[in-house]
Amino acid sequence: MRTNSLVRMMELDKNITHMFTPTGPYKNFKLVFKVLVFLLFFLLFTLIISSGLFVSKLNLEKGQPSPVLITAPYDKSVEDLTSYSEQQEQAANAVAPVYTADQTEISILSNKLDHTFQLLEHHKSSELDLTDKLAELKDSEPFVALPDEVLTNLLQLTDNELEQANQISSRIIIGIAGDPTSGAKEEKELAALKEGMKEQVEKYNMDDSLKSLVKAFIETNVNTPTLAVDEEETKKLKDIASSRVKPQVHEYRKNEKIVGPGEIVDEQIYSVLEAYGLIQMHSPWKPAAGIAIQVLVAMIILISFFYFTAPEILEKWHRLVLVGLIMVITLAIGKAFLAIRISDSTDLNNLTAILIPAAWATMTVTILLGSRIAIVVGIILGIFAGTMADPASTGTSGSMAGLFALFSGLVGIQSVARLDQRSDLARAGLIVAVVNIALVSAITLILDLGPTFWLVGCGLALANGFLCSVLTMGTLPWLESGFNITSAVRLLELSNPNAPLLKELLMEAPGTYHHSVLVGNLAETAAEEIKADPVLVRVGALYHDIGKLKRPYFFIENQFAKDNPHDKIAPTLSSLILISHVKDGLELAREHKLPESIQDIIAQHHGNSLVTYFYHKAKEENPDIPEEAFHYDGLRPQSKEAALVLLADNVEAAVRSQKENTPGKIEGLVRKIIKEKLDEGLLDQCDLTFRDLDKISTAFVKVLSGIFHTRVEYPELPSKLKAVAEAITQEQEIETTEDGQIVIELEDNNNKE
């Protein structure tokens, strides 16, 4: 039994892993690391959710009157930090921005000016007559704005005069445009900039026609501000201005009044009370301990769910880290939104819970890891959000936040469950917004709140849908690359015909490209029937033969000429060339950073099958030749998707080579090929069932019958009409008599018919 090199390497790797992982120090380190990660997320969840308990709970709230007289317990200098930041901001805003030359715009102007003179020199030296030269010059700017007399004079100037004019005009235009004192900061300054340039041009000793050309160039091309804000230098000046602002210091003496009874506690008084430590608060530790227990139970439930329904998440534990990271970020963003106070009304302030981006978390988890995991994440986030909004359970804000997070999270899962294109994410955000608006309407009716509550809630609901959509689109690429996960969005991007590899395949190996498209259509249709991943199958099929780019003309689908290069080489070499396209494809896939799932399909789409044609051809020359040299070095398909590509690849090639295809012949050939691959053992390591194979056969036949259907044979034209058609094709003379008869003059004689 032959064991190929790739299989041997993988078995060796497994043996090494078995030797060192179970009992070695690596496993212990990995276990300790997992425990530390678990504890880290436990602490993060607990701190974020219970942080509201540790915020000082004042007996005196901002904006409320003080019931008692509060005096300073001792002498203390208190800085007025409430107005300090405002004064710093005002000082920074007072600094005028520093402008410098916009190098991009300056470079564009310089290139356009050089191109103008080069174009003039080109037409001056061309062999066309003057009229044609003028006509061609008028097709481009700025020559179109010049009269013929000026253009004629320009064409008569010497090369030296043109070179000097180019240098002079470049110094004028580039020098004035890039000078911070004369360049244009805004569009309204462009007119003055142009006039300044034209005045300088007029002062130089140049031919009038050249002056007209340069002025026309200025008028045509100087249309964008040439100065840009120097952010770094401006920031330095703003920082200097801010640093010069000193906070005001108020000297409080012992027993001096801070706030009297009935007086409003404003920002300044509140900061003084904080400085003295006069703010009272209840002990937060008991409710914080309760929240910690809640977090621990939720994390255990989440991990147990992974263990029973998605064990691959625990095997690839970095994906578990991804789930925890997304949840932490969601809660942190939500905590920031909950801190926003939009009004003095408690009910309106509670509406900020709508902005918790739970839908972003569930949409992202759905796209990256699947909807089952996202459902559990959404439920737990709903519970966490409710507790975070009201950790002391003193009002309705907690239940409101939990409802919004739960509903929007679950709806986010459904809205991206079948993602076909990136624009679907925008639609998902709109769906989340609509559901949040419906929930706001329900709460408004239940609690009998006014129209202001509903209007503000609807606005925040729309903002949440937009935020979740933008966050999902913005973070997906980072999370995909950071955690080595291939999402449907990434696969859709790779399926774009303008993707570099596909474009190169179309240009260099068009036969292979169209073969891959057909394989993708076949495999995708079958994948939908057996509940495999149709997007992965289609994209994998598009890239499965990219290795043929290295030697495209050695593959029959790209041989458009009659010569076959395999006729001139030995069968063993031909077999080696065919087998190597798998290795070449893997190298290209790694070079272009294709996802691992696509690389697996490339590596497994031939398995360890035999190159039958060249093996039998070699046997005819040497009956004792070993079979090992004619086997592919790949693994047998390890997934349904890889197996589908293997089957579709073989079926498409076989049906295409079969003559006079009929539905019956196609079905017989498809089932024969699938049975052969099953008998070869190529499908032993994937989880396809016999029922799946029957569905695959049916799907293949349906698609192939539509492609290779029988065509109608058109009848021949009547003899007279046929003669007319041939005469038209051969451009022979055709005459029509007065009675409508057609007369054709044949070229080979003078007879007319």
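Model, not experiment: these values are computed from the prediction. (Residues numbered from 1 in each chain as written. Predicted model: local features only at pLDDT ≥ 70, side-chain atom pairs only at ≥ 80, totals over all residues. Heavy atoms only, no water.)

A. Spotlight on the overall build of the protein. Looking only at helices and strands, the protein has 31 helices and 8 strands in total. Buried residues in the protein amount to 43% of all 753 residues. Long-range contacts, defined here as pairs at least 24 residues apart, represent 74% of the contacts in the protein between residues at least 6 apart. Just so you have it, the protein exposes about 41200 Å², and 57% of that area is on carbon and sulfur atoms. (Helix = DSSP H or I, 4+ residues; strand = E, 2+ residues; numbered from the N terminus. Buried < 20%, exposed > 50% of the residue type's maximum accessible area, 1.4 Å probe, protein only. Contact = heavy atoms within 4.5 Å. Areas by Shrake-Rupley, 256 points an atom, 1.4 Å probe, with all protein chains shown as cover.)

B. Representation of the packing of helix α19 (residues 424-446) against helix α20 (residues 451-483). Across the interface, α19 lies against α20 with an axial gap of 8 Å and an inter-helix angle of 155°. Accordingly, the angle class assigned to the pair α19 and α20 is roughly antiparallel. As α19 runs across α20, the sense of the crossing is right-handed. Residues L425, A426, G429, V432, A433, N436, I437, V440, S441, I443 and T444 of α19 form the contact with α20, whose own contacting residues are F453, W454, G457, C458, A461, L462, N464, G465, S469, T472, M473 and L476. Classifying every residue of the contact of α19 with α20 gives 14 nonpolar, 9 polar and no charged. (Axes fitted to C-alpha atoms, helices over the stretch in contact; angles between N-to-C directions. Parallel < 35°, antiparallel > 145°, perpendicular 65-115°, else oblique. Left-handed = near helix turned anticlockwise from the far one by under 90°. Nonpolar A, V, L, I, M, F, W, Y, C, P; charged D, E, K, R; others polar.)

C. How the structure looks around a negative patch on the surface. Residues D129, D132, E136 and D139 make up a contiguous surface patch of negative charge. By secondary structure assignment, the location of E136 is in helix α5 (residues 130-137). Judged by relative accessible area, E136 falls into the partly exposed class, the value being 37%. (Patch = residues over 30% accessible without salt bridge, like charges linked within 9 Å, V, L, I, M, F, W, Y side chains within 5 Å. Salt bridge = Lys/Arg side-chain N within 4 Å of Asp/Glu carboxyl O. Lys, Arg positive; Asp, Glu negative; His and termini not counted. Charge placed at Lys NZ, Arg CZ, Asp CG, Glu CD.)

D. Spotlight on the packing of aromatic side chains. Enumeration over the complete set of coordinates arrives at 4 aromatic pairs. On the numbers, 5.6 Å between centres and 50° between planes, the contact of F45 with F384 is tilted. You can see F45 sitting in helix α2 (residues 25-50) and its partner F384 sitting in helix α17 (residues 371-389), a full 339 residues away along the chain. By the ring-pair criterion, three or more aromatic residues cluster together here, those being F41, F45 and F384. (Phe/Tyr/Trp six-rings, centres within 6.5 Å; stacked < 30°, edge-to-face > 60°.)

E. How the structure looks around the packing of helix α12 (residues 285-309) against α17. α17 packs onto α12 with a crossing angle of 175° between their chain directions and a minimal axis gap of 11 Å. Taken together, the axes of α12 and α17 are roughly antiparallel relative to one another. Contact residues: I291, Q294, V295, A298, L302, F305, F306 and T309 in α12; R372, I373, V376, V377, I380, I383, F384 and T387 in α17. When its residues are assigned to classes, the contact of α12 with α17 shows 12 nonpolar, 3 polar and 1 charged.

F. Summary view of the environment of L647. Within the secondary structure layout, L647 lies in helix α28 (residues 640-657). L647 gets classed as buried once you look at its relative accessible area, which sits at 0%. Here the alpha-carbon distance between L647 and V519, two residues 128 residues apart in the chain, equals 8.9 Å. Setting aside chain neighbours within four positions, we find L647 in contact with I674, K677, L683, L693, I696 and F700.

G. The arrangement of unusual backbone geometry in detail. Following E141, the chain continues to P142 via a peptide bond in cis, the omega torsion being 0°. Relative to the assigned elements, P142 resides in the loop between α5 and α6 (148-155). Although it is not a glycine, D448 sits at a positive phi angle of roughly 55°. Structurally, D448 is set in the loop between α19 and α20. What makes D448 exposed here is its relative accessible area of 69%.

H. Local environment of a nonpolar patch on the surface. Among the surface-exposed residues, L31, V32, V35, L36 and L39 lie close enough to one another that they form a single nonpolar patch of about 440 Å² accessible area. Tracing the sequence through the fold places L36 in helix α2.

I. The side chain of T366, seen in detail. Mapped onto the elements, T366 comes out in helix α16 (residues 358-369). Setting aside anything within four residues of it in sequence, one finds T366 in contact with S371, A374, I413, V416 and A417.

J. Structural view of the environment of F555. Here F555 lies in the loop between α24 (534-543) and α25 (571-591). With relative accessibility at 6%, the residue F555 sits in the buried group. Along the primary structure F555 and P565 are separated by 10 residues, whereas in three dimensions their C-alpha atoms are 9.2 Å apart. With near-sequence residues (within four places) excluded, F555 lies in contact with K548, I577, L578 and H581.

K. Up close: the environment of A289. Looking at the element boundaries, A289 is found in helix α12. Each C-alpha atom, one on A289 and one on S50, is 9.0 Å from the other, the two residues being 239 residues apart in sequence.

L. Structural detail: the pattern of salt bridges. Scanning all chains against the criterion turns up 22 salt bridges. We note a salt bridge from E202 to K211, for which the minimum N-O separation is 3.8 Å. Take K211: its relative accessible area is 10%, and that puts it in the buried class. As a salt-bridge pair, K550 and D584 come within 3.7 Å of each other at their nearest N and O atoms. Of this pair, K550 sits in the loop between α24 and α25 while D584 sits in helix α25, placing them 34 residues apart in sequence. In this structure, a network of salt bridges that share partners links the residues K550, R551, K583, D584 and E587.

M. Structural context of the confidence of the model for the protein. Overall, the prediction assigns the protein a mean pLDDT of 80, with 86% of residues at 70 or greater. The model gives residues 1-24 a pLDDT under 50, and that stretch makes 20 contacts with residues more than four places away or in other chains. Taken together, the stretch residues 746-753 has pLDDT below 50 and engages in 14 contacts with residues farther than four places along the chain or on a different chain. (pLDDT = per-residue confidence, 0-100.)

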